[in-house]
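Remarks on the overall topology
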Amino acid sequence: MSQKLDKSVAQKEVVQAVVIAEHFGNEFMPITDDTPLTLLPLLNVPLLEYTLEFLSLGGIEETFLFCCSNVVMIKQHINSSIEKSAGWSLTMKVHVIVSETCRSFGDCIRDLDAKALIRGDFVLLEPGIVGNIKLLPIIKKHNETCNTDKGAAMTLILQEAGLGQRGRCSFEEVLMVATPNNRVLLHQKLGTSKKAKIELPLEILMDNASVNIYHNLKDTHISICSPNVLSLFSDNFDFQTKDDFVRGLLINEEILGSTIYWHLIKGNQYGAAVTNWRMYQSVSRDILHRWLYPLVPDMGISSQQRSYIHLQNNVYRSKDVHLTQSNSLIEDVIIGGGSSVGDKTRISRSIIGESVKIGDNVIIEDSFVFSNTVIGDNSVIQHSIIGQKCVLETGCIVTKASVIGKGVVLPENSIIENYLIRSHSSKTGVASNKLAKNAYHIKPEESVESDAEDDGLHRKLSRLYMPDEAEPSDDESVKSSESEDNLSYTISPVPDDTNLFLTEVVDSLTRGFEDKLQCDNLILEINSSRYAYNVSVKEVNFNVIKAILMLPFQLYLGQPYLPSLRPLLDYFSPILKNYIRNISAMVDCLQAIEDVAANNNELNECVSAVLNWLYNKDHLSEDVILNWFSGIDKNTRFYARVEPFTNWLQQAEEASSSEED
């Protein structure tokens, strides 16, 4: 009997989780200059504590915390929490895994695979996770899915979030198509796409009797993974993020033999990731409103002590806070231990850290003030973040999503609007704008590496939400587009997905011709790029022809165009045959010829010869060419160059008809 018991205990699998602690981004600078994201204070508790408490309450027994930088700080924090008997430390083991060579999320997973630490299905968490999700039932459901579908690799955990909800990050807008049994067929991130329309691949609708389309979901950045996820990352080095992994598996499902499923959390369960300042603001508000119960301030998150008192209007204050009768804590406020608030000071929808000294007649709204900071009399802080150990002298005004780094000192009556400020000059040698002795304005070119974002530095860094940022109406969007068209001569256009796709196709064809790669392999590359950039079939046809016609300028610069184009047409004939399959594709081909000829006189001069080659190779039909030609402006030079060829086609058709008669 005892032997059977020992055997069952030995076979019991430990429920494991992997937390990637590294963010690999600069969205939280300059705060993260000195503090890693995983230790960023969230309602005066390090973010890591929320993650570990969530995993412990969710039934996880062993967690691997993967770190690439700030390792000493993180290890010291873990050891300190264990010494203080933090709740998670009583039921869960935490191992810190260090690899300073990793440069992406995918690198971390590949390194984890090499270390062979995972023994079965595991929970994978991206940086900055908070939640109260019951994980064990979802893990069990994932196991059942794997029994019926041996290729099941991952279950995405998602949560409902309607349009306009603060917790729905605009950068992570998701469109998902899935089968009734929750197998994911399409997963598109719409937040970073500049397309106004959404196109669904026809094969999804043809291959499935019914599908469900979702646009009311947000990603919790939590997944249940099968062990083969690690090897899939190791075998595919182009998987750098989880989104790359999901997209790659969906595009190459037949090749990789793996599938993706999803699970919707319901009821009072909550999950979110702090991916930028706006999500930081949203998650803070949700915790104040007790969506994360039991992980709420008055329950004691990082220790067994309950140091906060919960008052009406979601106001939390520590027991040793010094307040006066004339100050006002209006709503959604938390004030940490050892802090003091002066006379006639008004605080609303803000988080005040520990040991913060706030003077008289101060206004703080929709802001975050970290610990050990001093705010002088008559100061105003709105929609901004003040880091640790800062000093704002009398009369300072900090507004419009400014972020003040650790140790900054602002002189009297300073006005800071929409700025990122750190306490020291640039470490990279780039000149910084010095505002004061310990205050330097971070310039956009220093913090963003050649990003072409429309709204500049602060849009990229996902600044705090401000009430005046109302979404434009459709009419306003149209007016904005018209005004941008009028100014097109002064504004450089931002490359969209279609232009990026064209660049990828040109690069693939150039390399394929130089290295004499098989056209079948190039077609696979082009199709992969199509799904990566989410372009339509029509755009694929148009840009593949356009790329081939542009290659002579890249490969044979300065040489006659037509002699350079002929060998390319012969070599890429299988690609032309693959993409010019029907009448619609023929029209796309002719439009591409017209487009390239409009900007390149070399093609314009020999367009009849190119059309003749395509016609003789049966890539274009006579009727399609003549119908297309009838719509060309007769007053253009292009019309004059095409006309001899179309006249020959008509004469050949008449001669053929007379012979038949």
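Residues numbered from 1 in each chain as written. Predicted model: local features only at pLDDT ≥ 70, side-chain atom pairs only at ≥ 80, totals over all residues. Heavy atoms only, no water.

The protein is annotated in an unreviewed UniProt entry as Translation initiation factor eIF2B subunit epsilon from Photinus pyralis. According to UniProt, the comment filed for the protein under the heading Sequence similarities (unreviewed entry) is "Belongs to the eIF-2B gamma/epsilon subunits family." Its UniProt record, at the heading Subcellular location (unreviewed entry), says of the protein: "Cytoplasm, Cytosol". (UniProt positions renumbered as here; feature names shortened; annotations may be inferred.)

Attention shifts here to the confidence of the model for the protein. Taken residue by residue, the protein gives an average pLDDT of 82. The fraction at 70 or more is 84%. Across residues 1-11 the pLDDT falls below 50, and counting only partners more than four positions away or on other chains, this stretch makes zero contacts in the model. Below a pLDDT of 50 lies the segment residues 468-495, which in the model reaches nine contacts outside its immediate sequence neighbourhood of four places, other chains included. (pLDDT = per-residue confidence, 0-100. Contact = heavy atoms within 4.5 Å.)

Further remarks concern the packing of helix α2 (residues 47-57) against helix α3 (residues 71-83). In contact at an axis separation of 11 Å, α2 and α3 are set at 55° when each is read in the N-to-C sense. One finds that α2 runs oblique with respect to α3. In this structure, α2 meets α3 at a crossing whose hand is right-handed. Here Leu48, Glu49 and Leu52 of α2 come into contact with α3, specifically with Ile74, His77, Ile78 and Ser81. Tallied by class, residues from the contact of α2 with α3 come to four nonpolar, two polar and one charged. (Axes fitted to C-alpha atoms, helices over the stretch in contact; angles between N-to-C directions. Helix = DSSP H or I, 4+ residues; strand = E, 2+ residues; numbered from the N terminus. Parallel < 35°, antiparallel > 145°, perpendicular 65-115°, else oblique. Left-handed = near helix turned anticlockwise from the far one by under 90°. Nonpolar A, V, L, I, M, F, W, Y, C, P; charged D, E, K, R; others polar.)

This part covers the sheet that holds strand β1 (residues 16-20). With mixed pairing, the seven strands of this open sheet are ordered in space as β5-β4-β1-β6-β12-β8-β13. Two strands lie at the open edges of the sheet, namely β5 (93-98) and β13 (259-265), each paired on one side alone. Averaged over all pairs of adjacent strands, the angle between their axes in this sheet comes to 25°, without regard to strand direction. Looking at chain direction, strand β8 (residues 152-160) and β13 are connected through seven bridges and run parallel. Across the sheet, the residue bridging to Leu156 is Trp262, located in β13. With respect to the sheet, helix α4 (residues 105-115) is in contact with β1, β4 (62-67), β5 and β6 (122-125), its orientation differing from that of β1 by roughly 140°. Together, β8, β12 (217-225) and β13 form the strand contacts of helix α8 (residues 242-251), whose direction differs from that of β8 by roughly 120°. (Pairing = 2+ DSSP bridges.)

Turning our eyes to something else, we now look at the packing of helix α17 (residues 561-571) against helix α21 (residues 607-616). Interhelical geometry of α17 versus α21 gives an angle of 15° and a closest axis separation of 11 Å. On the basis of the axis angle, α17 is roughly parallel to α21. For α17 against α21, the interelement crossing comes out right-handed. The residues of α21 that touch α17, namely those facing Leu562, Leu565, Arg566, Leu569 and Asp570, are Ala609, Val610 and Trp613. Its residues placed into classes, the contact of α17 with α21 shows six nonpolar, no polar and two charged.

With that out of the way, let us pick up the environment of Phe64. With respect to the element layout, Phe64 can be found in strand β4. By relative accessible area, Phe64 is classed as buried at 4%. Taking the C-alpha atoms as reference, Phe64 lies 8.5 Å from Lys93; in sequence the two are 29 residues apart. If we ignore the near neighbours within four places in the chain, the residues touching Phe64 are Gln16, Ala17, Val18, Val19, His95, Ile97, Leu117 and Ile118. (Buried < 20%, exposed > 50% of the residue type's maximum accessible area, 1.4 Å probe, protein only.)

Before going further, it helps to examine the sheet that holds strand β10 (residues 184-189). Taken in spatial order, the three strands of this open sheet run β10-β9-β11, and their pairing is antiparallel. Looking at the sheet topology across the chains shown, the edges are occupied by β10 and β11 (212-214). Each strand axis lies, on average, 10° off the axis of its neighbour in the sheet, ignoring direction. Note that strand β9 (residues 174-178) and β11 share three bridges and pair antiparallel. Looking at β11, one finds that Ala178 is bridged to Asn212.

Take the environment of Gly336 next. By secondary structure assignment, the location of Gly336 is in the loop between β18 (333-335) and β19 (340-341). Distance from Gly336 to Ser355, taken between C-alpha atoms, is 7.0 Å for residues 19 residues apart in sequence. Ignoring anything within four residues of it in the chain, the contact list for Gly336 reads Asn44, Tyr308, Ser318, Val321, Ile352, Gly353 and Glu354.

What follows concerns the pairing of β6. Consecutive residues of a regular strand have side chains that alternate between opposite faces of the sheet. Every second residue of β6 is oriented toward a common face, with Phe122 and Leu124 on one face and Val123 and Leu125 on the other, all of them buried. Where β1 meets β6, four bridges bridge the pair, whose relative direction is parallel. Of the residues in β6, the one forming a bridge with Val18 is Leu124. Here four bridges tie β6 to β12, and the two strands are oriented antiparallel to one another. Residue Phe122 lies in a different strand from β12, and its bridge partner there is Cys225.

Taken as a whole, this structure holds 17 salt bridges when the rule is applied. Across the salt bridge formed by Asp33 and Arg422, the nearest N and O atoms sit 3.0 Å from each other. Here Arg422 lies in strand β33 (residues 420-422) and Asp33 lies in the loop between β1 and β2 (41-42), a separation of 389 residues in the sequence. The residue Glu605 makes a salt bridge to Arg637 at a minimum N-O spacing of 2.6 Å. Within this pair, whereas Glu605 is found in helix α20 (residues 601-605), its partner Arg637 is found in helix α23 (residues 637-660), the two being separated by 32 residues in sequence. (Salt bridge = Lys/Arg side-chain N within 4 Å of Asp/Glu carboxyl O.)

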